[in-house]
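Here is what each chain is made of, one letter per residue.
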Amino acid sequence: MSHPRSLLTLLDLSRPDLESLWLASAGWKSQRARRRLRFADRRVATIFDATSFRTRLAYDTAIDAVGAHRVDVPLVLGQREPVSDTAAILSGAVDAVVVRARDHAAVCELAQVCEVPVINAMTDGGHPVEVFSEAYTIFERRGPLNDITLTFVGEDSNVLRSWCELTVPFALQVRQVCPPGHGLHEDFLAELAGHGQRGSVSVGHDLAEAVAGADVIYTDVWPTSARTPGRRRTAFEPYRVTTDVLDEAGPDVMLMHVMPVHRGDEVTAEAFDDPRSVTFAAKRNLSSTHAAILEWVLGG
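Note that the structure is predicted; figures quoted are calculated from it, not measured. (Residues numbered from 1 in each chain as written. Predicted model: local features only at pLDDT ≥ 70, side-chain atom pairs only at ≥ 80, totals over all residues. Heavy atoms only, no water.)

Here's the deal with the sheet that holds strand 4 (residues 118-120)
Consideration 1: Taken together, the four strands give an open sheet; going across it, the order is 2-1-3-4, and neighbouring strands pair in parallel fashion. Only two strands of the sheet have a single neighbouring strand rather than two, namely strand 2 (69-72) and strand 4. Here the strands of the sheet are splayed against their neighbours by 25° on average, with no regard to which way each runs.
Consideration 2: The sheet contact formed by strand 1 (residues 43-48) and strand 3 (residues 96-100) spans five bridges and is parallel. Bridge pairing in strand 3 links threonine 46 to valine 98.
Consideration 3: Here helix 2 (residues 54-65) sits on the sheet and contacts strand 1, strand 2, strand 3 and strand 4; the angle it forms with strand 1, its principal contact strand, is near 175°.
Consideration 4: Each of strand 1, strand 3 and strand 4 touches helix 13 (residues 286-297); the most contacted strand, strand 4, lies at about 155° to it. (Pairing = 2+ DSSP bridges. Helix = DSSP H or I, 4+ residues; strand = E, 2+ residues; numbered from the N terminus. Axes fitted to C-alpha atoms, helices over the stretch in contact; angles between N-to-C directions. Contact = heavy atoms within 4.5 Å.)

The structure is reproduced here in structure tokens:
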């Protein structure tokens, strides 16, 4: 069984946990310049097995904010030794582990055998803290996520699955709109329903229908195969977010993008620069929300 304060998916957090942590995030945001030394005797290992900019920056600044010491561990889980051996060494050396790895199962295995909390900083299965932060941006502008409709424009992805996990504690509606054949898997949708889902997830292929009445339009980069001319690009082109698409949703819609942005592919430059786009504002919340998560993981 993983450490009780590990965070592998957003299903690990109850609604009271999430709302409490968003309030803590607001506190960190309002005191951004104040570095707290409560955890000055704690060490946090960071394992990033791929290039990272925003996620690494967010965790580095958050670890510094809580006063802990970052220990960068340059390894790929399971590559040179069993994950259980890595966990045994980490358990005796640090107080928490932040890991970004492609293999979700390896991160889950690490959490199962590690004696200290493990935070999923992104895997192929989900991107929980990133979405926790993006959801906080909605929370600070619109309040609780109940009755919010979020339209996700793009293929099945780790980010989308983390958004869908929030439909368990909240009456959040997530609408995925994508080319046929790129929707969420039925077994994942069934799993959410099995958790007592309060909200809903739907998959459709009509962009105008999916954005009508949406509070948030969220998009992500197209798959690599759709970024060059060909059949795959032709399939994705009807799902480009433009200012006309924003207008169909309404004047109060918020546009968010996971980043990095490929202007002219999944979103036009004009739409991304529109006042309704809150992507950069959302990314400015990463450090504050990550600090709140770290404080909770370390026993705050």
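A short note on a negative patch on the surface
Consideration 1: Together, Asp206, Glu209, Asp244, Glu248, Glu270 and Asp273 make up a negatively charged patch on the protein surface.
Consideration 2: Mapped onto the elements, glutamate 209 comes out in helix 8 (residues 207-211). (Patch = residues over 30% accessible without salt bridge, like charges linked within 9 Å, V, L, I, M, F, W, Y side chains within 5 Å. Areas by Shrake-Rupley, 256 points an atom, 1.4 Å probe, with all protein chains shown as cover. Salt bridge = Lys/Arg side-chain N within 4 Å of Asp/Glu carboxyl O. Lys, Arg positive; Asp, Glu negative; His and termini not counted. Charge placed at Lys NZ, Arg CZ, Asp CG, Glu CD.)

Brief notes about unusual backbone geometry
Consideration 1: Cis geometry is adopted by the peptide bond preceding proline 260, which originates at methionine 259 and carries an omega value of 5°.
Consideration 2: The phi torsion at methionine 122 lies on the positive side, around 135°, for a residue other than glycine.
Consideration 3: Summarising the element assignment, methionine 122 is placed in the loop between strand 4 and helix 5 (128-142).
Consideration 4: Here methionine 122 falls in the partly exposed class, since its relative accessible area comes to 21%.
Consideration 5: Located in the positive-phi region is aspartate 147, a residue other than glycine, with phi close to 70°.
Consideration 6: Its location among the elements puts aspartate 147 in the loop between helix 5 and strand 5 (149-153). (Buried < 20%, exposed > 50% of the residue type's maximum accessible area, 1.4 Å probe, protein only.)

Observations regarding helix 3 (residues 83-91)
Consideration 1: Taken together, the buried positions of helix 3 are Val83, Thr86, Ala87, Leu90 and Ser91. Axial view of helix 3: buried residues confined to an arc of 130°, hence all on one face. Seen from the buried face of helix 3, the exposed residues on the opposite side, beyond 90 degrees, are Ala88 and Ile89.
Consideration 2: The elements touched by buried residues of helix 3 are strand 1, strand 3 and helix 4 (104-113). (Arc of directions from axis to C-beta.)

Let's talk about the sheet that holds strand 9 (residues 254-257)
Consideration 1: Across the sheet, which stays open at both edges, the five strands sit in the order 7-6-5-8-9 with parallel pairing between neighbours. Bordering the open sheet on either side are strand 7 (200-204) and strand 9, each of which pairs with just one other strand. Adjacent strand axes in the sheet meet at a mean angle of 20°, parallel and antiparallel pairs treated alike.

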